[in-house]
Amino acid sequence: MTRPVPEALEALLSEYVELEERLADPSVHADQATARKLGRRYAELTPVARTIRELEQVRNDISAAEELADEDAAFAAEADELRERVPELEQRLTELLLPRDPHDGSDVVMEVKSGEGGEESALFASDLVRMYLRYAERHGWKAEMLDATDSDLGGYKDATLVFKSKAGDLDGVWARLKFEGGVHRVQRVPVTESQGRIHTSAAGVLVYPEVEDVEIEIDEKDLRVDVFRSSGHGGQSVNTTDSAVRITHLPTGIVVSCQNERSQLQNKARAMEVLQSRLQAMAEEKAQLEASANRRSQVRTVDRSERIRTYNFPENRISDHRINYKAHNLDQVLTGDLDPLLDALAEADRAERLAAVGGNG
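Bear in mind the structure is a predicted one, so any value in this text is a computation, not a measurement.

Caption draft 1: Representation of the overall build of the protein within the structure. Of regular secondary structure, the protein possesses 8 helices and 11 strands. In the protein, buried positions account for 43% of the 361 residues. The long-range share in the protein, meaning contacts at least 24 apart out of those at least 6 apart in sequence, stands at 64%. As presented, the protein carries roughly 18900 Å² of accessible surface, and 48% of it is formed by carbon and sulfur atoms.

Caption draft 2: View of the sheet that holds strand E8 (residues 254-258). Taken in spatial order, the 3 strands make up an open sheet running E6-E7-E8, and their pairing is antiparallel. The sheet is open, and its two edges are formed by strand E6 (223-228) and E8, each paired on a single side. The average undirected angle you get between the axes of adjacent strands in this sheet is 15 degrees.

Caption draft 3: Local environment of the packing of helix H1 (residues 6-23) against helix H2 (residues 32-68). Running from N to C, H1 and H2 point in directions that differ by 135 degrees, and their axes come no closer than 8 Å. Our classification of the angle between H1 and H2 gives oblique. In this structure, H1 meets H2 at a crossing whose hand is left-handed. Mapping the contact onto sequence places Leu 9, Glu 10, Leu 12, Leu 13, Glu 15, Tyr 16, Val 17, Leu 19, Glu 20, Arg 22 and Leu 23 in H1 and Ala 35, Leu 38, Gly 39, Arg 41, Tyr 42, Leu 45, Thr 46, Val 48, Ala 49, Ile 52, Arg 53 and Glu 56 in H2. Along the lines of polarity and charge, the residues of the contact of H1 with H2 split into 14 nonpolar, 2 polar and 7 charged.

Caption draft 4: A look at the environment of Leu 341. Structurally, Leu 341 is set in helix H8 (residues 339-360). Looking at Leu 341, the relative accessible area reads 2%, which means it is buried. For the pair Leu 341 and Ile 318, spaced 23 residues apart in sequence, the C-alpha separation works out to 9.2 Å. Not counting residues within four places of it along the chain, the set of residues in contact with Leu 341 comprises Arg 309, Ile 318, Asp 320 and Tyr 325.

Caption draft 5: Representation of H2 within the structure. For H2, built from 37 residues, the straight-helix expectation of 54 Å at 1.5 Å per residue is met to within 8% by its first-to-last C-alpha distance of 53 Å. Helix geometry: H2 is bent most strongly at Leu 45, by close to 30 degrees, with proline Pro 47 lying one to four residues after it.

Caption draft 6: Focus on the sheet that holds strand E3 (residues 156-164). The strand order across the open sheet built from 8 strands is E2-E3-E1-E5-E4-E9-E10-E11, with neighbouring strands paired in mixed fashion. In this open sheet, the two strands that pair with only one neighbour each are strand E2 (142-150) and strand E11 (325-327). Going from strand to strand, the sheet's axes swing by 15 degrees on average, the running direction of each strand aside. As judged from the 5 bridges shared by strand E4 (residues 182-188) and strand E9 (residues 307-312), these two strands associate in the parallel manner. Paired with Val 183 across the bridge in E9 is Arg 307. Together, strand E1 (108-114), E2, E3, E4, strand E5 (199-209) and E9 form the strand contacts of helix H4 (residues 119-138), whose direction differs from that of E3 by roughly 10 degrees.

Caption draft 7: Up close: the side chain of Glu 180. In this structure, Glu 180 sits in the loop between helix H5 (173-177) and E4. Glu 180 gets classed as buried once you look at its relative accessible area, which sits at 0%. Only 2.7 Å separates the side chain of Glu 180 from the side chain of Arg 309, close enough to count as a polar contact. For Glu 180, the residues in contact, after removing those within four places along its chain, are Tyr 132, Val 205, Val 207, Ile 308, Arg 309, Leu 342 and Leu 345.

Caption draft 8: Representation of the pattern of salt bridges in the model. Counting across every chain of the model gives 28 salt bridges. Arg 350 serves as the salt-bridge partner of Glu 95, at 3.2 Å between the closest nitrogen and oxygen. Of this pair, Glu 95 sits in helix H3 (residues 73-96) while Arg 350 sits in helix H8, and the two are 255 residues apart along the sequence. Taking relative accessible area as the criterion, Arg 350 reaches 22% and is therefore assigned partly exposed. Connected via shared salt-bridge partners are Glu 54, Arg 85, Glu 88 and Arg 92.

Caption draft 9: Structural context of H3. The end-to-end C-alpha distance of H3 is 36 Å, a good match for the 34 Å that 24 residues give at a rise of 1.5 Å each. By the N-cap criterion, in which a side-chain oxygen at the helix start approaches the backbone nitrogen of a residue two or three places on, H3 is capped by Asp 72, the distance to Ala 74 being 2.9 Å.

Caption draft 10: Representation of the UniProt feature "coiled-coil region" (unreviewed entry) in the protein. Within the UniProt annotation, "coiled-coil region" (unreviewed entry) is assigned to residues 48-85 and 258-292. With 89% helix and 0% strand, the stretch residues 48-85 has end C-alpha atoms that lie 16 Å from each other.

Caption draft 11: Up close: unusual backbone geometry. The backbone of Asn 316 sits at a positive phi, close to 50 degrees, despite the residue not being glycine. As for its placement among the helices and strands, Asn 316 is situated in the loop between E9 and strand E10 (317-320). With a phi close to 55 degrees, Asn 324 is a non-glycine residue in the positive phi region. Exposure remark for Asn 324: the relative accessible area of 71% places this residue in the exposed category.

Conventions adopted
- Residues numbered from 1 in each chain as written.
- Predicted model: local features only at pLDDT ≥ 70, side-chain atom pairs only at ≥ 80, totals over all residues.
- Heavy atoms only, no water.
- Helix = DSSP H or I, 4+ residues; strand = E, 2+ residues; numbered from the N terminus.
- Buried < 20%, exposed > 50% of the residue type's maximum accessible area, 1.4 Å probe, protein only.
- Contact = heavy atoms within 4.5 Å.
- Areas by Shrake-Rupley, 256 points an atom, 1.4 Å probe, with all protein chains shown as cover.
- Pairing = 2+ DSSP bridges.
- Axes fitted to C-alpha atoms, helices over the stretch in contact; angles between N-to-C directions.
- Parallel < 35°, antiparallel > 145°, perpendicular 65-115°, else oblique.
- Left-handed = near helix turned anticlockwise from the far one by under 90°.
- Nonpolar A, V, L, I, M, F, W, Y, C, P; charged D, E, K, R; others polar.
- Expected span 1.5 Å × (residues − 1).
- Bend = angle between axes of the 7 residues up to and from the residue.
- Polar contact = N/O pair within 3.5 Å; in protein donor to acceptor, adjacent residues only side chain to side chain.
- Salt bridge = Lys/Arg side-chain N within 4 Å of Asp/Glu carboxyl O.
- UniProt positions renumbered as here; feature names shortened; annotations may be inferred.

What follows is the structure, given as structure tokens:
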């Protein structure tokens, strides 16, 4: 495995000290966006800086113990013990220095869509929405429902949500939810089933980072903007004016709706933000695929063939097919207890990236 270059480590320490000084300056906090960005980078570098300094201290202690070993055998034993810590610290440092996903600190836009299974699929989609909302609540995130289309039995044909992390969090929502994109399959007896038979249906989840520094330029001529009356859950009208907005991006066919804000202008602005995020994610995925046909993309589409997870109600079992994860706590997962599963996915991803570094070293 490649050992970190000392010059690179010195540069990281210098950056860490500079960030510390800038964050101590009250004027920096006048711009919340800048302060948040600096705070996340500082939090990201803190374990790196601590490990570098600890490694330097251990090496210095080894040198000192070796110099005194001739006079006292106890120092020779101490030097041996200290040497055993060096590989462990070097391994920890290598893991900390693994290239991070540039969007890990980003907030997330999520779309949940019903698929195969009709009303049962729509009801399952609403279960997924509720699961993610409860998970967000556990982590103190802000969750916002931008748009939803209800089914006849109270499920969701589709729903669009935004999740925002707390200021100062090292990892944003993307770091936790980026592996959720794909098709989620459910096996259970639907409420519409009179014979008690188990049915299989599916719902799709599309998740992408909400862009902050927008690089995508959108030509107004490429947009069709429709306005309509907002409706609440169950289809009842909640607004007497046409304030809800639907934007269609004609070149790609992407459709984004927002009816959560009070005015048509606010809804249009929010829908444009989501559209920009969608187009940014699409552009990044295209670039990744062009760079390497075999590279796994973090931005997933709702591909019906790509079933990433199964929710088996009769056996109270949840299975993630990508990492062969199985647990019999589906009831807890649906109430937002997702961390063990998401930790397993993150660990599998980390191990894969670590193996890639080792292979290149």
